[in-house]
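# Tertiary structure, described
Spelled out from the first residue to the last, the chains are:
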Amino acid sequence: MTQLLAVEGLSKTYTTQGRVTRAVRNVSFSLAQGETLGLAGPSGCGKSSLARLVMRLMEPDAGDIHFQGQNWLALSGRTLRHARRHMQMVFQDTHAAFNPRSTVATVIDEPLRIHHIIPTGDRPAEIARLLERVGLPGDFASRPVLELSGGQRQRVAIARALSTRPALLVMDEAVSALDVSVRAQVLELLVSIQKQTGLACLFVSHDIAVIRAVCHRVAIMEAGSMVEYGETQRTLSAPQSETAQCLIAATQTLRNHREPDHVQP
């Protein structure tokens, strides 16, 4: 497998009103093309902060990130803006992610326009194709985003992220707010897209059942550090850390719904 992302010694400390929080502590991991790595752990463990550091939505205090063979932290200005099309993120809160006045077409058209993915005249057909790819009719393009259900908005968010044809998709608790049946559909969609395109995914979740369903490897986090890291089924079947053991004991399984098949890396 070709290595896509390599993170070494990443650290981030926050200081708020005199209080120091070490959100991420000396974290290292790698991710190959076509692979999904799960970041799991309790609320406040640092997994979302780690995802934002990888995306460069904030800057680390220490460490290195190499993405597609480039020093990701050395990029700036126009070079960074151009490179961002290859790493996209889907957030948990689709209300905050979209302009409430936007239509579905406007939401998906924006990255196509910014990154000059295709000519202007071809964008309506591309928007319809992206919607169909995530299981929505092409005529959804004209609908206001506020009229959509939570599951539909999340599919639109995935379509928007896929519009730039990224190599890496970062999912930050992107299915945790969905009901069980819709969650299973979205997970199956992601696995299907990964099989078709070779997309790599960094999947942030506190839900071990979801991690087990879609991730090749898992990193368990606690207090900013990785306390366990390995192949998903092996790690979750014999957890060594107390954090992993507690997560497994507390997990809510996806009952009465078939779990998505794993993609073979």
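Predicted model, so just to flag it, every value in this text is computed and none were measured.

## A few points about the packing of helix α4 (residues 104-114) against helix α6 (residues 150-162)
One can describe the packing of α4 onto α6 by two numbers: an axis separation of 8 Å at closest approach and a directional angle of 25°. Our classification of the angle between α4 and α6 gives roughly parallel. Considering how the two elements wind past one another, α4 and α6 form a crossing that is right-handed. Of α6, the residues touching α4 (which contributes V104, V107, I108 and P111) are V156, A159 and R160. Across the contact of α4 with α6, the residue classes break down as 6 nonpolar, no polar and 1 charged.

## Notes on the environment of A83
For A83, the position within the fold is in helix α2 (residues 77-83). A C-alpha to C-alpha distance of 21 Å links A83 and A62, two positions 21 residues apart in sequence.

## Some words on the side chain of E35
Among the structural elements, E35 can be located in the loop between β2 (19-32) and β3 (36-40). On the basis of relative accessibility, which here comes to 5%, the residue E35 falls in the buried class. In this structure the side chain of E35 is engaged in a polar contact, spanning 2.5 Å, whose partner is the side chain of R217. Each residue touching E35, except ones within four places of it in the same chain, is listed here: S30, Q194, L199, A200, C201, H216 and R217.

## Notes on unusual backbone geometry
Positioned with a positive phi, H116 is a non-glycine residue whose angle comes to about 55°. Relative to the helices and strands, H116 resides in the loop between α4 and α5 (123-133). For H116, a relative accessible area of 66% gives the class exposed. With a phi angle near 55°, R165 is a residue other than glycine that sits in the positive phi range.

Thresholds, definitions, all that
Residues numbered from 1 in each chain as written. Predicted model: local features only at pLDDT ≥ 70, side-chain atom pairs only at ≥ 80, totals over all residues. Heavy atoms only, no water. Axes fitted to C-alpha atoms, helices over the stretch in contact; angles between N-to-C directions. Helix = DSSP H or I, 4+ residues; strand = E, 2+ residues; numbered from the N terminus. Parallel < 35°, antiparallel > 145°, perpendicular 65-115°, else oblique. Left-handed = near helix turned anticlockwise from the far one by under 90°. Contact = heavy atoms within 4.5 Å. Nonpolar A, V, L, I, M, F, W, Y, C, P; charged D, E, K, R; others polar. Buried < 20%, exposed > 50% of the residue type's maximum accessible area, 1.4 Å probe, protein only. Polar contact = N/O pair within 3.5 Å; in protein donor to acceptor, adjacent residues only side chain to side chain.

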